[in-house]
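Chain residues, written in single-letter form:
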Amino acid sequence: MVALPCYLGISTLLFVIGLFGALTKRNAIVVLMCIELMLNAVNINLVTFSRFIDPQALLGQLFVIFTIAVAAAEVAVGLAIIIVLNRYRDTVNLDDFTWLKG
Amino acid sequence: MMSVGLLLPEIIVGAAGLIVLIERLFSKGEPGRKDAAWFGAAAVLVALFATFKLFGTNVTAFYGSYRVDDLAVFFKIVALAAAGLTLLFAPDFLAPRGVKTGDFTALVLFAAGGMMLLPSALDFITLFISLELISISFYVMIAMQRGEVRPAEAGLKYLLLSGMASAILLYGMSLIYGLTGSTYLAAIRQALSAGEPPILAGIACLMILAGLGFKIYLVPFHMWAPDVYEGASSPTVAFLASGSSAAALAAVLRLFGESFAGLAGLWVPILLIMAVITVAVGNIVALPQTNVKRLLAYSSIAHAGYILLAIVAGGRSGTAAVMYYSLLYAFSVVAAFGVISAFAETSGGDIRSFAGLARRAPFLAFVMMVALASLAGIPPLAGFMAKFAVFAAAVQAGYIMVAGIALLLSVISIFYYFQVIKVMYVEEPAEATPITFGLGTYAALLLGLAGIIMLGVVPGPLMHIAQVAAGFARF
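Draft legend 1. Broad picture of the interface of chain B and chain A. Tallying the contact residues gives 42 residues for chain B and 44 residues for chain A. When chain B packs against chain A, close to 3700 Å² is buried across both sides, 79% of that on carbon and sulfur atoms. A per-residue breakdown of the area chain B buries against chain A is headed by Glu153(B), Tyr171(B) and Tyr177(B), which together make up 19% of the total. In this structure, the connection of chain B to chain A is made through one salt bridge. Across the salt bridge formed by Glu153(B) and Arg89(A), the nearest N and O atoms sit 2.4 Å from each other. Taken together, the elements giving at least two residues each to the side of chain B that touches chain A come down to α6 (124–143), α7 (150–180) and α10 (224–231) of chain B. In terms of residues, the side of chain B that touches chain A owes the most to one element, α7(B), which gives 20 residues. A breakdown of the residues in the side of chain B that touches chain A according to their chemical character gives 24 nonpolar, 10 polar and eight charged.

Structure, rendered in structure tokens:
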């Protein structure tokens, strides 16, 4: 069996990649993808802890189902807003949205 | 079925939202119609009565994941008051701009449901779901306004930053779950207060603080506020400012006051410093603003700082001050944004559009003046008592220096609020045409005005309720 630290290492790496991308990328869709990466890092964490620490109650696995559903809803709304913006501005680059300063 | 009865107000609000949505599906949804909002406001009123009946319940239900106590009931009332007032004046703003009132009403009701669930949540899953119910409703509310690009940009900004904040919050939660083996707040408190908590628990606690800090305007996670306030429609902002942060504050009270009590040595000094910085940034950056909506955004940030001071002060008087402040702030900010949404020229928020408002619409100018004076903390208005409660709690807890700094900064705030009042009452209007507004706006502003003045002149009963409720904060 693979040890706990391996899973946690992968999850931490994924989370840091996601956070770095979300803060530095200028394409709205890529930022959305990076947020997904962060959420998936959370999912790995939860499932891992559920398996290793809490194998009876499975609270972590329950939590993951909710996170996945909510993340899907968030992406659906996010893409809808990006499509609306794309219609007005013909771009998905965050730097082109004058209002997204700061 | 006692347990389901505990959810009655939320069920009423949620069902009303669904009914409005279904009605929208089968009707043409002519843009001028306002009846959906009246229906929503009526549902909120019914839910308000159901909520009042829950006072004094104080039970934990659903296997320890949900608690109805006076603290939660109080915050449910704040959410319902904010939703009800918003629904009263929203149609006057939305109908002429081609937004279907039904869509907005349904979203307000769903968000209100989330705001009512959040203060009752006693485990991470319920807490997260309620928080996202609020956030996702607001993404749509902020972005929707046909024919304008600014709301959509503000919506995207809010969505991306809020998404990041939720991911950080969830990562913190997953770490806490790994350390304690539970997602229930009571079990987490037990696990964390037994012995020296590991360093990772501290990191997780700070991640959760960052995630929730986004919702409560904690500097440095406040960057979204000015742009969203300026870009979104005034009814949306009124509801966002009054309801969303109050609900998140209730979650902070539960999480940090109770579950993370064992880590108090770590988060109390950090939150104290952040609270002072939040008050300072809010008040100082508000000074040069020439846009009233942006000004109110920074004022929201400053007020969040005062409330955080009360959270840090803790104890019964601190918790009571948080509750009291949330309700009074909700009334003041809804009244202010009700005025802004009442006439078309100010939908952008430019301060010059307020010139001579006292002559064009004396009632609007008066409500705005009272709301701003209340936010500035002028006695005998509600804002004064709220600030007094916060500073008293801070001094009681021994943070005399900090309370002094915050008091000094709040004196600065009087300057920028009165700048707006001066423009409304002293300057000449660009055009002299009187401003007309609908009955709903009138009702909402009157109710807001009554709240601000009544609760300021007679603060005793509400203060007493808050004090009693704070005693039930332990679960």
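Read on, since the account is not over.
Draft legend 2. Expanded view of empty space enclosed by the protein. All names here are of chain B. Under the counting rule described, the total for this entry stands at six cavities of 30 Å³ or more. Along the wall of the largest cavity there are 13 residues; nearest its centre are Ala 241, Ser 245, Leu 249, Ile 307 and Tyr 329. Counting only elements with at least two residues in the lining of the largest cavity, the list comes to α11 (234–259), α13 (292–313) and α14 (315–342). The dominant element in the lining of the largest cavity, judged by the number of residues it contributes, is α11, at five residues.

Draft legend 3. Molecular detail of the packing of aromatic side chains. All names here are of chain B. This model, assessed by the stated rule, comprises 24 aromatic pairs over all chains. Relative to Trp 224, the ring of Phe 214 has its centre 5.1 Å away and its plane inclined at 35 degrees; by these criteria the two rings are tilted. Of the two residues, Phe 214 sits in helix α9 (residues 199–215) while Trp 224 sits in helix α10, which places them 10 residues apart along the sequence. Here Phe 214 and Trp 224 have matching classes, each one buried. Three or more aromatic residues link up through ring pairs in this structure, and these residues are Tyr 139, Tyr 158, Phe 214, Tyr 217, Trp 224, Tyr 229 and Phe 337.

Draft legend 4. Main features of the layout of surface pockets. All names here are of chain B. In this structure, the largest pocket occupies an estimated 710 Å³ of space. As for the largest pocket, its lining consists of 25 residues, of which Leu 48, Phe 52, Ile 77, Ala 81 and Phe 331 are closest to the centre. Among the secondary structure elements, those contributing two or more residues to the lining of the largest pocket are α3 (35–52), α4 (70–94), α14, α19 (439–457) and α20 (460–471). Here the element with the most residues in the lining of the largest pocket is α4; it accounts for seven residues. Broken down by class, the residue content of the lining of the largest pocket amounts to 23 nonpolar, two polar and no charged.

Draft legend 5. Highlighting the nonpolar core. Residue and element names in this part refer to chain B. Core analysis: the largest hydrophobic core is formed by 223 residues, its most contacted members being Phe 138, Ile 208, Phe 239, Phe 256, Phe 260 and Leu 357. A total of 19 residues in this core trace back to one element, the largest contributor, which is α14. In this view, Phe 239 contacts Ala 79, Ala 82, Ala 83, Thr 86, Val 108, Ala 111, Ala 112, Met 115, Phe 138, Met 141 and Ser 244; residues no more than four positions away in its chain are not counted.

Draft legend 6. How the structure looks around the pattern of salt bridges. Residue and element names in this part refer to chain B. Applying the stated criterion to the full structure yields 12 salt bridges over all chains. Close ionic contact of Asp 227 with Arg 294 constitutes a salt bridge, the shortest N to O distance being 3.2 Å. In this pair, Asp 227 is assigned in helix α10 and Arg 294 in helix α13, connecting sequence segments 67 residues apart. When the shortest N-O distance is used, the salt bridge between Arg 359 and Glu 428 registers 3.3 Å. Taken together, the positions of Arg 359 in helix α15 (residues 357–360) and Glu 428 in the loop between α18 (400–425) and α19 put the pair 69 residues apart, joining distant regions of the chain.

Draft legend 7. Examining helix α16 (residues 362–376) of chain B more closely. Residues and elements named next belong to chain B. Here α16 spans 21 Å end to end across 15 residues, near enough to the 21 Å set by a 1.5 Å rise per residue. Of all 15 residues that make up α16, 12 are buried, and the element is covered over most of its length. Regarding α16, the residues found buried are Phe 363, Leu 364, Ala 365, Val 367, Met 368, Val 370, Ala 371, Leu 372, Ala 373, Ser 374, Leu 375 and Ala 376. Next to the buried residues of α16 lie α13, α14, α15, α17 (382–396), α18 and α19. Two residues or fewer past α16, Gly 377 is found with a positive phi of approximately 85 degrees.

Draft legend 8. Broad picture of unusual backbone geometry. All names here are of chain B. Omega for the bond connecting Val 219 with Pro 220 falls within 30 degrees of zero, at 10 degrees, which places this linkage in the cis form. On the secondary structure map, Pro 220 appears in the loop between α9 and α10. Here the residue pair Pro 379 and Pro 380 is connected by a cis peptide bond, since its omega of 10 degrees sits within 30 degrees of zero. Mapping Pro 380 onto the fold places it in the loop between α16 and α17. In the Ramachandran plot, Tyr 217 falls in the positive-phi region, its phi being about 65 degrees despite a non-glycine side chain. Tracing the chain through its elements places Tyr 217 in the loop between α9 and α10.

What counts as what
Residues numbered from 1 in each chain as written. Chains lettered and ligands numbered in written order. Predicted model: local features only at pLDDT ≥ 70, side-chain atom pairs only at ≥ 80, totals over all residues. Heavy atoms only, no water. Contact = heavy atoms within 4.5 Å. Buried area = accessible area lost by both parts, 1.4 Å probe. Salt bridge = Lys/Arg side-chain N within 4 Å of Asp/Glu carboxyl O. Helix = DSSP H or I, 4+ residues; strand = E, 2+ residues; numbered from the N terminus. Nonpolar A, V, L, I, M, F, W, Y, C, P; charged D, E, K, R; others polar. 1 Å grid on protein atoms, 1.4 Å probe; cavity = no way out; pocket = protein on both sides within 12 Å on 5 of 7 lines; lining within 4 Å. Points joined across faces, edges and corners; volume = space filled by probe spheres on them. Phe/Tyr/Trp six-rings, centres within 6.5 Å; stacked < 30°, edge-to-face > 60°. Buried < 20%, exposed > 50% of the residue type's maximum accessible area, 1.4 Å probe, protein only. Core = buried A, V, L, I, M, F, W, Y, C linked by side-chain atoms within 4.5 Å. Expected span 1.5 Å × (residues − 1).

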